[in-house]
Each structure stands twice: as structure tokens, then as C-alpha cells.
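Below are the chains, spelled out letter by letter.
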Amino acid sequence: MNLLATTTSAAVALAIAFGCSTDFAFAGECPSGHAGVNELTNHPTQPRGVTDTVIGSIDLGHELGVDGRDLRLRRLVVQPGGIVPFHSHDGRPAIIITLRGQILEFATNCSTPILHRAGETVRETSKVSHYWINRSKAVVELLSADVKARD
């Protein structure tokens, strides 16, 4: 499948995900019985083996009257051993779909790592700070749509 078809398919999946109710059960969430506070001491603070490409963005001020905010779509490629460093989603909600491979998420609201496989979607809200590590031997591709403050 070419990049345009993959991106289009993923964008459609994200649009569907944005329209779902908050009660929808997403794959790749914290396993049952493991929700709770996780301090994540000694978390990684620098990216490693990750490329982050902005595919496009929309000024939400012009579209919806939400001044100073953009809806952004990015493609992240995480190499084997790659790290998306510790970060928060406070004020920057996102939905991510794993396009290819599998990757581990370490989150402040889950006592165990969360495995995200190709085709799975995850919501990232102000309630989570986390980091991701590709411990597999394969490249991982992610598509991320977020609402962020304008640069």
C-alpha cells in the first residue's frame, strides 16, 4: 500500500475514532486491574531513533473559532530501540493509531507497560504523561492527530 493510501486510511480511522463516544473500548489500553499511579522515575527525556513529520495542520481559529489552536496530523517512525521521550498531554489531546509494528507505552496511569499493535488506536488526554519504546526488531509507524497550541 502506498503512503497516500496508508495515510488516507489512517486519517479515516482517526476521524471515526474522534466521533466515537468516550465509552468506546480501545485496544492497547491499560490492562484490567493495572490502572493506578505509576511514578515513572528515571524516565527517558530525550528522543532516540524517532522521526516526526508533520503531514498537515488546520488553524482551528478560522474553522471553529478556537483561536490559537491547531489540529495537526503527524507521522512518527520509531526505529528498533527508539524512544519517544516522556511527555504530557495536558492541553494537547491526541489520538494515535499504530500503522505498522508494535510498541510499548509506559504511562503514569498504568502499573504495567501497555502494548500497542498495528491497527490499534489509543486516546491521549490530560490525564496521562508517558513515554514509548520500540523494543522490537522492526520499525514502528504511528499516525498522530492532536489539538495543540499554535507555535
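Asks: Explain the overall build of the chain here, please?
Replies: Each helix and strand counted, the chain has two helices and eight strands in total. When the helices and strands of the chain are listed from N to C terminus, the series reads α-β-α-β-β-β-β-β-β-β. In the chain, which comprises 151 residues, the proportion classed as buried is 37%. In the chain, the proportion of contacts linking residues at least 24 apart, taken out of those at least 6 apart, comes to 74%. Surface summary for the chain: the accessible area is close to 8,400 Å², and the carbon and sulfur share equals 55%.

Asks: Just to check I follow, could you spell out the packing of aromatic side chains for this structure?
Replies: For the structure on display, the rule yields one aromatic pair. Relative to Y131, the ring of F106 lies with its centre 5.0 Å away and its plane at 10 degrees, an arrangement referred to as stacked. Here F106, found in strand β4 (residues 102-107), pairs with Y131, found in strand β7 (residues 129-133); they are 25 residues apart in sequence, far enough to count as distant.

Asks: Would you mind going over the environment of N109 with me for this structure?
Replies: Its location among the elements puts N109 in the loop between β4 and β5 (114-117). Along the sequence, N109 and L40 sit 69 residues apart, while their C-alpha atoms lie 9.8 Å from each other. Those residues in contact with N109 that lie beyond four places of it in its chain are C30, H34, A35, G36, K127 and V128.

Asks: Would you mind showing me how to read the nonpolar core here?
Replies: Here is a general trend for soluble globular proteins: nonpolar side chains tend to be buried in one another's company. Judged by nonpolar contacts, L76, V78, V84, I96, I103, V122, W132, V140 and L142 together constitute the single largest core of nine residues. Elements with a contribution of two residues or more to this core: β2 (69-88) and β8 (140-149). Among the elements that take part in this core, β2 stands out by supplying three residues, more than any other. The contact partners of I103, leaving out residues within four places of it in the chain, are V78, I114, L115, H116, W132, I133, N134, V140 and L142.

Asks: Whenever I open this one, the state of the cysteines confuses me. Can you help?
Replies: Here a disulfide denotes a covalent bond joining the sulfur atom of one cysteine to the sulfur atom of another. Throughout the structure, instances matching the rule amount to one disulfide. Through a disulfide, C30 is tied to C110; the S-S separation comes to 2.1 Å. Handedness here is read from the sign of the S-S torsion; for C30 and C110, about 80 degrees, the answer is right-handed. Here C30, found in the loop between α1 (3-19) and β1 (48-59), pairs with C110, found in the loop between β4 and β5; they are 80 residues apart in sequence, far enough to count as distant.

So, how was this worked out
- Note that residues are indexed from 1 along each chain, following the sequence as it is written.
- Reporting in this predicted model follows two pLDDT cut-offs: at least 70 for local features of residues, and 80 or more for side-chain atom pairs to be given and counted; totals over whole chains, interfaces and linings ignore these cut-offs and use all residues.
- Values shown for side chains rest on all heavy atoms present in the structure; no hydrogens or waters enter the calculation.
- Starting at the N terminus, helices and strands are each numbered in turn, a helix being any DSSP run of H or I of at least four residues and a strand any DSSP run of E of at least two.
- Any residue under 20% of the maximum accessible area for its type is buried, any over 50% is exposed, and the rest in between are partly exposed; the area is computed with a 1.4 Å probe on protein chains only.
- Only heavy atoms matter for contacts: two residues are in contact if any of them lie within 4.5 Å across the pair.
- Using a 1.4 Å probe, the Shrake-Rupley method yields the accessible areas, and only the shown protein chains count as cover for residues.
- Whether two aromatic rings pair depends on their centres lying within 6.5 Å, for rings of Phe, Tyr and Trp, where Trp uses its six-membered ring; planes under 30 degrees apart make the pair stacked, over 60 edge-to-face, and the rest tilted.
- As used here, the term nonpolar core means buried Ala, Val, Leu, Ile, Met, Phe, Trp, Tyr and Cys residues forming a set that is joined through side-chain atoms within 4.5 Å.
- For the purposes of this analysis, a disulfide is any pair of cysteine sulfur atoms at a distance within 2.5 Å.

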